[in-house]
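# Notes for the structure review
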Amino acid sequence: TVQRVLVDDGVRVRRWREGTLRATLALPAPGARPAPAVVLDGRGEDPATTATARLAAALLASHGAVALHLETGDDDAPSEAAGRLAALPATREEAPIVLAPDELVLPSGIPRDGEQKGEAADRVLAWRALVARVTATAG
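## Quick look at the side chain of Thr52
Along the chain, Thr52 turns up in helix α1 (residues 47-62). For Thr52, the side chain forms a polar contact with the main-chain oxygen of Ala48, separated by 2.8 Å.

Here's what the structure looks like:
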């Protein structure tokens, strides 16, 4: 089985493996200014959480964020990943946003089994709020 994630023109996706930390890094198209950073915790046994984190990372990079999707790691993995992400030259100076599995959301255009009409509308609002939070300019 091959799974492919589509990203915006210029977005670069890299595998990140250091010790027990395994992740996928999505970098926005190169720009003049450093980008906001976000860590999406996709670790866990629920395949839907992993898939959501993977897709959300690619979509957030398409919106101009540096996004790291955690696949494996111990309990300290989110804070360790945030520290390493903050050290990248492509990121802005403020601390990366770390999203727990229950905070991960996808836009409504990506179908989910058994989803009701109202739930899709709620996801539209939640996705817009997430993009606004992650890509907000400093100051």
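Additional details are given in the paragraphs that follow.
## Observations concerning the sheet that holds strand β1 (residues 12-18)
A sheet is described by the order of its strands in space; here five strands give the open sequence β1-β2-β4-β3-β5, paired in mixed fashion. Of all the strands in the sheet, the pair left with one neighbour each is β1 and β5 (97-99). Geometrically, the sheet is characterised by an average inter-axis angle of 20° between neighbouring strands, direction not taken into account. Looking at chain direction, β1 and strand β2 (residues 21-27) are connected through seven bridges and run antiparallel. Looking at the pairing, Arg12 lines up with Leu27 of β2.

## Digging into the environment of Asp8
Relative to the helices and strands, Asp8 resides in the segment before β1. Classification of Asp8 as partly exposed rests on a relative accessible area of 43%.

## Remarks on helix α3 (residues 117-135)
For α3, built from 19 residues, the straight-helix expectation of 27 Å at 1.5 Å per residue is met to within 8% by its first-to-last C-alpha distance of 27 Å. Along α3, the positions that sit buried rather than exposed are Arg123, Trp127, Leu130, Val131 and Val134. One side of α3 holds all its buried residues, which, seen down the axis, span an arc of 95°. Looking at α3, the residues exposed on the side facing more than 90 degrees away from the buried face are Asp122, Leu125 and Arg128. At its buried positions, α3 is contacted by β3 (37-41), α1 and β5.

Calculation criteria
Residues numbered from 1 in each chain as written. Predicted model: local features only at pLDDT ≥ 70, side-chain atom pairs only at ≥ 80, totals over all residues. Heavy atoms only, no water. Helix = DSSP H or I, 4+ residues; strand = E, 2+ residues; numbered from the N terminus. Polar contact = N/O pair within 3.5 Å; in protein donor to acceptor, adjacent residues only side chain to side chain. Pairing = 2+ DSSP bridges. Axes fitted to C-alpha atoms, helices over the stretch in contact; angles between N-to-C directions. Buried < 20%, exposed > 50% of the residue type's maximum accessible area, 1.4 Å probe, protein only. Expected span 1.5 Å × (residues − 1). Arc of directions from axis to C-beta. Contact = heavy atoms within 4.5 Å.

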